[in-house]
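Each chain is listed here by its residues.
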Amino acid sequence: MMNISQQQAYLFALGYYKLMRKDGTPSIEGIGGPATRQAIYNFQLAHKKRPDGTVLSEDGIWGPATEKALREVIGNNEPPQAALKPVKLPQSTDDYKWVSIDDFKCRCRGRFCNGWPAEPHTKTLDLLEQIGEHFQRRIQPHSGLRCPQWNAHEGGAATSKHMYGMAMDFHLDGVTHQDLYNYCDQLLGDSGGLGIYPWGVHIDDRPIKGRW
Ligand SMILES: [Zn+2]
Ligand SMILES: [Zn+2]
């Protein structure tokens, strides 16, 4: 099967993938996220009925049927069957109540990137949503995504999860950082990264547990 970069490149070429860098080139980083799922979903919707009589399911997930359809569409120059209108996925970030995708925007203020060096991970968004839900408080973001230059500027680790949309530095109004840390620790269980700082906590969805 195609890797994520290949999926993004083809979906961009067909007009379905729309995440762009500041320099006007597509953000093809090989990291899946909401923009990639949306592109897959819109492709599936537009090319739902296949010439062999099969029907693509619109789930926003790349699989053999979607890949076969994409190769056919490219090979045959097939026009889309459905009008392309923005369609909201059930798991779209717009559905989050306590956090928003904009909270992740890189804070270099356009010095080094357009704010979106990568896509925020759904898993990270889900974690933050659960935290907000537990405390009934909105996430107060300090730093989400960091382009490599801004990460260096901020003194982030060379392997910082912030560069990949997997981390968030934040606090909650009216909740002590220690209470927040304790709940996050419980929520992450045997995985994830979690650190406590004078301004709040850092959380990320790394697979191997880290605490500091
Ligand atoms: Zn930046
Ligand atoms: Zn951090």
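Only a predicted model underlies this, so the values are computations on that prediction, with no experimental measurement involved.

Moving on, we come to the sheet that holds strand E3 (residues 193-197). Strands in a sheet are paired, the pairing made by backbone hydrogen bonds, and the direction either parallel or antiparallel. Here five strands make up an open sheet; going across it, the order is E1-E2-E4-E3-E5 and the pairing mixed. A single partner strand is all that each edge strand has here, and the edge strands are strand E1 (140-143) and strand E5 (210-211). As paired elements, E3 and E5 share two bridges and run parallel to each other. Bridge pairing in E5 links Leu194 to Arg211. Against the sheet, helix H6 (residues 177-188) contacts strand E2 (167-171), E3, strand E4 (200-204) and E5, and its axis sits at roughly 15° relative to E4.

Its domain assignment divides the protein into domain 1 (4-83) and domain 2 (101-211). Computed over C-alpha atoms, the centres of domain 1 and domain 2 are 29 Å apart. Each partner contributes residues to the interface: domain 1 has ten residues there, and domain 2 has twelve residues. Partitioned by chemical class, the residues of the side of domain 1 that touches domain 2 number four nonpolar, three polar and three charged.

Attention shifts here to the packing of helix H4 (residues 122-135) against H6. It is the contact of H4 with H6, at a shortest axis distance of 11 Å, that shows an interaxial angle of 130°. One element, H4, and the other, H6, form an angle in the oblique class. For the element pair H4 and H6, the recorded crossing hand is right-handed. Residue-level inspection shows Leu127, Gln130, Ile131 and His134 of H4 in contact with H6, the latter providing Tyr183, Cys184 and Leu187. Of the residues assigned to the contact of H4 with H6, the class counts are five nonpolar, two polar and no charged.

Thresholds, definitions, all that
- Residues numbered from 1 in each chain as written.
- Chains lettered and ligands numbered in written order.
- Predicted model: local features only at pLDDT ≥ 70, side-chain atom pairs only at ≥ 80, totals over all residues.
- Pairing = 2+ DSSP bridges.
- Helix = DSSP H or I, 4+ residues; strand = E, 2+ residues; numbered from the N terminus.
- Contact = placed C-beta atoms within 7 Å.
- Axes fitted to C-alpha atoms, helices over the stretch in contact; angles between N-to-C directions.
- Domains from an automatic or database assignment.
- Nonpolar A, V, L, I, M, F, W, Y, C, P; charged D, E, K, R; others polar.
- Parallel < 35°, antiparallel > 145°, perpendicular 65-115°, else oblique.
- Left-handed = near helix turned anticlockwise from the far one by under 90°.

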